[in-house]
Amino acid sequence: MIGLPAVQPAIPGTQPDFCFPPYVATIARSPRMPLIVLPETLTETTGPVFGHSLIIKSDNDLTMQQGGEALGERIFVHGRVLDEDGRAVRGALVEVWQANAAGRYRHKVDGYDAPIDPHFSGGGRLLTDEEGRYCFKTIKPGPYPWSNHHNAWRPAHIHFSLFGVGILSRLVTQMYFPADPLQPIDPIFNSIPDESARQRLVSRLDMEHSQSNYALAYEFDIVLRGSQETPFEAARRR
Amino acid sequence: MSFPRLIPTGSQTVGPYFRIGLEYLIGQEPANNSALDTIEIRGKVLDRDGAPVSDAMLEFWGGDLSGSDSGVTPDSSGHPIGFHRAATDDNGNFTLVLNEPLPTALGDGRLQAPHMLVLVFARGLLRHLITRVYFGGEPANADDPVLLEIPAERRHTLVARPDANNPRLFQWNVILQGENETVFFAW
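Calculation criteria
For every chain, the first residue of its written sequence is number 1, and the numbers climb from 1 along that sequence. Chain labels run from A onward and ligand labels from 1 onward, assigned in the order the entries are written. In keeping with the predicted nature of the model, local features appear solely for residues at pLDDT of at least 70, side-chain atom pairs appear and are counted solely at 80 or more, and the whole-chain, interface and lining totals rest on all residues. To get the side-chain values, all heavy atoms of the structure are used, and hydrogens and water are removed first. Strand pairing is assigned whenever DSSP detects at least two bridges linking the two strands. Only DSSP runs of H or I covering at least 4 residues are called helices, and only runs of E covering at least 2 are called strands; the numbering of each starts at the N terminus. Here an axis means a line fitted to C-alpha atoms, over the contact stretch when the element is a helix, while the angle between two N-to-C directions is reported on a 0 to 180 degree scale. With a 1.4 Å probe rolled over the protein chains alone, any residue whose accessible area is under 20% of its type maximum counts as buried; one over 50% counts as exposed, and the rest are partly exposed. Counted as salt bridges are all cases of a side-chain nitrogen of Lys or Arg within 4 Å of a carboxyl oxygen of Asp or Glu. We call two residues contacting when some pair of their heavy atoms lies within 4.5 Å. Once two parts are put together, the accessible area they lose, assessed with a 1.4 Å probe and summed over both, is termed the buried area. As defined here, a cavity is a set of points on a 1 Å grid over the protein atoms alone where a 1.4 Å probe fits but cannot get out. A pocket is an open set with protein on both sides within 12 Å along at least five of seven lines, and residues line them when an atom is within 4 Å of a point. Grid points are joined across faces, edges and corners, and a volume is the space filled by probe spheres set on the points. Side-chain classes follow a simple rule in which Ala, Val, Leu, Ile, Met, Phe, Trp, Tyr, Cys and Pro form the nonpolar group, Asp, Glu, Lys and Arg form the charged group, and the remainder, Gly included, forms the polar group.

## Brief notes about the sheet that holds strand β9 (residues 166–176) of chain A
Residues and elements named next belong to chain A.
- Read across the sheet, 4 strands follow the order β4-β3-β8-β9 without closing on themselves; strand pairing throughout is antiparallel. Each of the sheet's edge strands pairs with one partner strand only, and the pair in question is β4 (123–127) and β9. Across this sheet, the average inter-strand angle for adjacent strands is 15 degrees, counted without regard to direction.
- For strand β3 (residues 93–97) and β4, the ladder comprises 5 bridges, and the chain directions are antiparallel. Each bridged residue has a counterpart across the sheet, and for V96 the counterpart in β4 is G124.

## Some thoughts on the pairing of β9 of chain A
Residue and element names in this part refer to chain A.
- Counting buried positions along β9 yields 11 of 11 residues, so the element is predominantly enclosed.
- Bridge analysis of strand β8 (residues 157–164) against β9 gives 7 bridges, and the strand direction is antiparallel. From the neighbouring strand, I158 faces β9, where its bridge partner is M175.
- Linking β8 to β9, which pair antiparallel, is a turn of 1 residue.

## Observations regarding the pattern of salt bridges
- Overall, the coordinates contain 25 salt bridges over all chains when judged by the stated rule.
- The salt bridge involving R85 of chain B is made with E95 of chain A; its shortest N-O contact spans 2.9 Å. Of the two residues, R85 of chain B is situated in strand β3 (residues 83–87) and E95 of chain A in strand β3; the pairing between them involves two chains.
- Note that D55 of chain B is salt-bridged to R123 of chain B, the shortest N-O span being 2.8 Å. Of this pair, D55 of chain B sits in the loop between β1 (38–46) and β2 (56–61) while R123 of chain B sits in the loop between β7 (115–122) and β8 (129–135), and the two are 68 residues apart along the sequence.
- Under the relative-accessibility criterion, R123 of chain B is labelled partly exposed at 30%.
- Within this structure, E95 and R170 of chain A together with E59 and R85 of chain B form a network of salt bridges that share partners.

## Re the interface of chain A and chain B
- Between chain A and chain B, the contact holds 87 residues from the first and 75 residues from the second.
- Interface of chain A and chain B: buried area, both sides summed, is about 6900 Å²; carbon and sulfur atoms make up 63% of it.
- Taken together, chain A and chain B are joined by 7 salt bridges.
- E84 of chain A is paired through a salt bridge with R5 of chain B; the nearest N and O atoms lie 3.4 Å apart.

## So, empty space enclosed by the protein
- On inspection of all chains with the given rule, the structure shows 5 cavities of 30 Å³ or more.
- In this structure, the largest cavity occupies an estimated 50 Å³ of space.
- Along the lines of polarity and charge, the residues of the lining of the largest cavity split into 6 nonpolar, 4 polar and 1 charged.

## Points about the side chain of Q183 of chain A
Residue and element names in this part refer to chain A.
- Turning to its location among the elements, Q183 is positioned in the loop between β9 and α2 (195–199).
- The exposure class of Q183 is buried, given its relative accessible area of 6%.
- Among all residues touching Q183, those that are not within four sequence positions of it are P155, Y176, F177, F189, N190 and V202.

## Topic: the layout of surface pockets
- Counted as a void, the largest pocket has a volume near 730 Å³.
- Forming the walls of the largest pocket are 36 residues, and the residues nearest its centre are A10, Q15 and R225 of chain A together with R127 and W187 of chain B.
- For the lining of the largest pocket, the secondary-structure elements that each account for two or more residues are β9 of chain A together with β8 and β12 (185–186) of chain B.
- Classifying every residue of the lining of the largest pocket by side-chain character gives 22 nonpolar, 8 polar and 6 charged.
- Counted as a void, the second largest pocket has a volume near 590 Å³.
- Considering the residues around the second largest pocket, the lining is formed by 30 residues, among which V109 of chain A together with P16, Y17, D55 and R123 of chain B are closest to the centre.
- The dominant element in the lining of the second largest pocket, judged by the number of residues it contributes, is strand β6 (residues 144–146) of chain A, at 3 residues.

Put into structure tokens, the structure is as follows:
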């Protein structure tokens, strides 16, 4: 994809700082030298385009990937991927991963002794449609303990990875659930200083897209850096 | 321009469990229909204390854009040409094979030396870091407009070192903080 117009610097408070001491792992892993600001070159204005053959249809259904039904609260997670002008990002690769209903990741470094679900791997992916929409069927993940501080627990969340128009649109984030009492005491969630920016990581219960006797739905829209506006369109706005 | 823009969604760490969702693209070799030779980069990701970062993911972009806007489409498997995802092992080591990067045009007619853009994700990184890797022994490095923006004493952090016995094998470490901290960029 070509011709991503210049990206704007982040509005203060809407993105986390690299060093956020309440999240202890940031202390030894965040750079201390200032970032060097560069103009965009062809390397930065372009980005990878992912083909449909990378995805199989069932990759958006995390409840049936292991030859049986995963345990837990079945949910839909859906939304739109937009650029900064509110335009749909079509064909955006969206990758997700998460803990199971008991709060356990299917990963060798997860030492929490909650049960593994043999029918839940916790990974999925898709490409957004012509309106920038995505929809996954999954299991609501459980909260889980981590070693950041004494009695630390992560609020329930789903990890999201997104590619937009141009590599500078790349985003990795986490989606949270409404009314989770662990959010106010979670250092990762609270690393975003601005309250309204933080709350945009919280999905919305969406009864309209929930299915009676089947599954609740949560809506989570995602805004990627950059604009797909052409220079011609930009000139007409001035 | 003064029209309302949406505010980009906040970044959060990739965490230690990213392989669950992202492994399928790790270590994919470039499509073999390319006319370009391949090279290999091996390296480590290290923290402030020189400790290996065993849960980092690196994404490499660019290199074989062929100096134009062509070649950015996916191959038959759907994998984009010019994009590579690597992850560190228990000892903080990563390795990847890629098509030999070519010089890239700058808008003003100058050329950039062969390089890749590198995105660094890890537990403890609330946002990803962005750097570039260049290749030692490449004469064009001396005139590269981006390398020349960087204080001379830090430039070496972006240049992969060719192996003494194998000019197609390069060594390049990413140091997140401290002595020889890698240069990271912002746009």
